[in-house]
Every structure is written in C-alpha cells, then in structure tokens.
Amino acid sequence: MSSQPYMNIALAGATGNLGQPLLKALVEAKYNVTVLSRSTPSNLPSGVKVATVDFTSLSSLSSALQGIDAFVSCIPNHGDQPILIDAAVAAGVKHFIPSEFGSNVIGNANCAALPVFAGKKKTEEYLDKVQDKITWTAVITGAFLEFCIEHGLLINPKTGLGEVSKVYDGGDGKRSFTTYADICTAVIGVLRRPEQCKNRAVYVQSTTTSQNELLAIAKELKPERDWAREEVSTEDLLTDSYANLKEGGPNIGKAMVGFIIISIMNQGYGSCWDEENDNGLLGINGLSREELKKVVAGCL
Ligand SMILES: NC(=O)c1ccc[n+]([C@@H]2O[C@H](COP(=O)([O-])OP(=O)(O)OC[C@H]3O[C@@H](n4cnc5c(N)ncnc54)[C@H](OP(=O)(O)O)[C@@H]3O)[C@@H](O)[C@H]2O)c1
C-alpha cells in the first residue's frame, strides 16, 4: 500500500495552459488521474481516465468524483468553483486545490479589491465557510514566468521585431515569478504534505526578478534586437483599466489584463514573497541566473 496520503487525483482544466504540464507531472509522479472535462479531450497521457461532465451539475460532478482523494481545479472561470467544492464534499473528496495560481488575492487587500479577482475572492470565501467539510490549499505562484514573457506582459518577445516592451514604474521592482515546472512541484508537494498545507495559502516562487533584469537577460541573449521600451505608470494603468471596465464591451478584456498587470507590477499589491515562502516545504529550489536565462531563452 502507498504511504502517500492521496493517490487518486481529479484534475479540471487539464487541457489548458497550466493543466497540460500539471497533468503530465501528476502522471509522471504515478498518481491515478481522472480528468474532468467539458468534452472528450484526445492526446492525453496513457492511463488517464476522462470523465466528461456538466460543470453546472452537482450530480454530474459528484458522480465523476467518486473515489477521488484530492481535486485540483485549473479552470479559468474562477467564480464558478463553489459547485465543484460542493460536489467534492458530496463525493467525500478530502482536499481541494482551487484555481488560484497567480497574484496574492488571498493575502493582499488591494489585490482582492481588483475586479478581475472577484471570482477568486468568492471561491476563497466559500472555502473558508466549508473548511470543516473539506481541506483546501491555495497555491500562490505570482506570475507564470514563461506565460507572461510569451504573452508580452513582462518583456515582449517580439521587441525588436516591430514591437516594444512596456515597462512599469521604472522596471526595477522585484516580484515573485514561478515556472510551470515549479508550479507542478508545488501542487505535488501539497498532495504529499496535506497536513502542513491545510486550509491556507502556500506561497512559491522560482525566482524574484524585475523587468529591467529580464530585459538585460534578453539583450544578452538577442543583442541584434533593439529592445525598445515604453515607460508606463501603473497608477495611470489603473485609471485606464477602470475607464475601460466602465466602457464595457470589447474594452472589458483590456481592463482585466490591465488589472492583472497592476497586481503583478505595482508594489502595493503584495507580489513579492522572496523572504518568506513555502519553497522549502514543497521542494522548490529556485532558479540560478543561468537557469533563469535558459527559461527566458526558451520564450524569445
Ligand atoms: N499567474 C499567471 O501568470 C497565470 C497565467 C495563466 C493562467 N493562470 C491561472 O492558472 C489557472 C489555469 O489557467 P489556464 O490559462 O491554464 O486556463 P485555460 O487554458 O484558459 O483553460 C483551462 C481549461 O479549463 C477548461 N475550461 C474552460 N472554460 C471552462 C468552463 N467555463 N467551465 C469548466 N472548464 C472550463 C477547459 O478544459 P476542457 O475543455 O477540457 O473542459 C480549458 O482547456 C487559472 O487560475 C488562471 O488564472 C495564471
């Protein structure tokens, strides 16, 4: 018999940006994984069970969760998770890891007040309410290093190819960033040590770095590009984002991206946990500068 507390894991959102590497890591770590999906995804690793579910139906979700020890949610619609939690409770699931994976909504009031995080806040409040019925752990990762470079949010990989990098508040602010590999290590670390992660947020990071440091690395890697930059104030971005939200329609997406950038780049939003975090508990070593350079190189 396995000495691990949980072996049967359900994963929702397994086909997404985070879900794909996480599914692979769970399978490699020999967990029995059931993917909960709205469809029947193809090309999943062999041995993975698929449950096609209606994410709005308690009975559909709870029947898919029978025999599951821990349920990891990686769905993008954060506010729709209370029904997942209810279904997990109904099925006797012991532990729920919500789709948090990002900014410090749980530990910083400014961050929690940003409209983009209303769904995360709703889920956190719901988990607090039901924590006598199911254990939870929120994994706070800061910005995903690769995702944010590839999407031009930290430095623009197309800079020098006709675009510029937007640099916020001078670009020297140090923030916590995590790679996909370390996010997977963190989730598996929680599954292995549920008691130490019970009903709380765990904070992880691969590195603390700044936009200026990342731009310097990018220049070292691709000196032939001109790496033009545009200075942006996060206070102005906050004003613009609320204006875009008020405008509505297609501007809502722009507003939401603005709020996410503010939560990472403005120092008042608690996005650096270099001094105190759960890396040691969860088995995350952090990146050396050479390793950081390799991650950046993979994104340019
Ligand atoms: N901090 C960062 O820099 C950062 C960056 C990216 C993401 N994140 C966070 O990471 C988590 C996962 O995001 P992601 O980008 O991986 O998500 P995603 O790629 O947008 O979507 C993940 C999967 O969720 C399922 N899904 C989509 N809409 C759904 C719905 N309405 N109901 C149920 N399932 C739905 C889909 O799988 P099926 O079709 O198989 O059902 C989809 O492939 C989120 O919490 C997100 O905020 C953070």
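Residues numbered from 1 in each chain as written. Predicted model: local features only at pLDDT ≥ 70, side-chain atom pairs only at ≥ 80, totals over all residues. Heavy atoms only, no water.

**Digging into the overall build of the chain**
- Helix and strand counts for the chain stand at 12 helices and 12 strands.
- Relative to the globule expectation of 19 Å for 300 residues, the C-alpha radius of gyration of the chain, 20 Å, shows essentially globular dimensions.
- Counting only C-alpha atoms, the chain reaches 55 × 45 × 40 Å along its principal axes.
- Across the 300 residues that make up the chain, the buried fraction comes to 53%.
- Expressed as a percentage of contacts within the chain between residues at least 6 apart in sequence, the contacts between residues at least 24 apart total 75%.
- Accessible surface computed for the chain: about 13500 Å², of which carbon and sulfur atoms make up 49%. (Helix = DSSP H or I, 4+ residues; strand = E, 2+ residues; numbered from the N terminus. Rg over C-alpha atoms; globule rule 2.2 N^0.38 Å. Buried < 20%, exposed > 50% of the residue type's maximum accessible area, 1.4 Å probe, protein only. Contact = heavy atoms within 4.5 Å. Areas by Shrake-Rupley, 256 points an atom, 1.4 Å probe, with all protein chains shown as cover.)

**Things to note about the layout of surface pockets**
- Considered as a void within the structure, the largest pocket measures approximately 960 Å³ in volume.
- Around the largest pocket sit 39 residues that line it, and Cys74, Ile75, Pro76, His78 and Ser99 are the ones nearest its centre.
- At the level of elements, β2 (32-37), β7 (143-144), α6 (145-150) and α10 (251-265) are the ones that each hand at least two residues to the lining of the largest pocket.
- Here the lining of the largest pocket is built from residues that sort into 21 nonpolar, 14 polar and four charged.
- Each of domain 1 (8-140 + 180-203) and domain 2 (144-176 + 207-269 + 285-299) gives at least three residues to the lining of the largest pocket.
- Here the second largest pocket is characterised by a volume of approximately 400 Å³.
- Taken together, 18 residues make up the lining of the second largest pocket; nearest its centre are Lys166, Tyr168, Leu237, Val257 and Ile261. (1 Å grid on protein atoms, 1.4 Å probe; cavity = no way out; pocket = protein on both sides within 12 Å on 5 of 7 lines; lining within 4 Å. Points joined across faces, edges and corners; volume = space filled by probe spheres on them. Nonpolar A, V, L, I, M, F, W, Y, C, P; charged D, E, K, R; others polar. Domains from an automatic or database assignment.)

**Thoughts on the domain arrangement of the chain**
- For the chain, the assigned domains are domain 1 (8-140 + 180-203) and domain 2 (144-176 + 207-269 + 285-299).
- The C-alpha-based centres of domain 1 and domain 2 are spaced at 27 Å.
- Each side of the interface is counted separately: domain 1 has 15 residues, and domain 2 has 13 residues.
- Around 1200 Å² of area is buried between domain 1 and domain 2 when both sides are counted, 68% of it from carbon and sulfur atoms.
- Where domain 1 packs against domain 2, one counts zero salt bridges. (Buried area = accessible area lost by both parts, 1.4 Å probe. Salt bridge = Lys/Arg side-chain N within 4 Å of Asp/Glu carboxyl O.)

**Points about unusual backbone geometry**
- At Asp169, a position not held by glycine, the phi torsion is positive, near 50 degrees.
- Mapping Asp169 onto the fold places it in the loop between β8 (165-168) and β9 (175-178).
- Judged by relative accessible area, Asp169 falls into the partly exposed class, the value being 41%.
- Here Asn199, not a glycine, exhibits a phi torsion of approximately 50 degrees, which is positive.

**Details of helix α5 (residues 118-129)**
- Here α5 is 12 residues long and its end C-alpha atoms lie 17 Å apart, about the 16 Å a rise of 1.5 Å per residue gives.
- Within α5, the full set of buried residues consists of Gly119, Lys120, Thr123, Glu124 and Leu127. Axial view of α5: buried residues confined to an arc of 135 degrees, hence all on one face.
- In this structure, the buried side of α5 is in contact with α3 (82-91), β5 (95-97) and β6 (135-140). (Expected span 1.5 Å × (residues − 1). Arc of directions from axis to C-beta.)

**Remarks on the packing of helix α1 (residues 19-28) against helix α7 (residues 180-192)**
- Viewed as axis vectors pointing N to C, α1 and α7 meet at an angle of 50 degrees, and their least axial separation amounts to 9 Å. Classed by the angle they form, the pair α1 and α7 counts as oblique. Note on packing geometry: the crossing formed by α1 with α7 is right-handed. In this structure, α1 uses Pro21, Leu22, Ala25 and Leu26 to contact α7, whose residues at the interface are Tyr180, Cys184, Val187, Ile188 and Leu191.
- Classifying every residue of the contact of α1 with α7 by side-chain character gives nine nonpolar, no polar and no charged. (Axes fitted to C-alpha atoms, helices over the stretch in contact; angles between N-to-C directions. Parallel < 35°, antiparallel > 145°, perpendicular 65-115°, else oblique. Left-handed = near helix turned anticlockwise from the far one by under 90°.)

**Observations regarding the site of the ligand**
- Every one of the 22 residues lining the ligand counts as a neighbour, but Thr15, Asn17, Ser37, Ser99 and Phe144 are closest to it.
- Asn17 is positioned with one of its side-chain polar atoms (N or O) 2.8 Å from an oxygen atom of the ligand.
- Contact distances for the ligand include 2.9 Å between an oxygen atom and a side-chain N or O atom of Arg38.
- Protein burial of the ligand: of its 910 Å² of free accessible surface, 79% is covered by the chains.
- In this structure the site holding the ligand corresponds to the largest pocket.
- Mapped by element, the contributors of at least two residues to the shell around the ligand are β7 and α6.
- Within the shell around the ligand, the residues separate by chemical class into 10 nonpolar, 10 polar and two charged. (Near = heavy atom within 4 Å. Polar contact = N/O pair within 3.5 Å; in protein donor to acceptor, adjacent residues only side chain to side chain. Sits in = over half its atoms within 2 Å of the grid points.)

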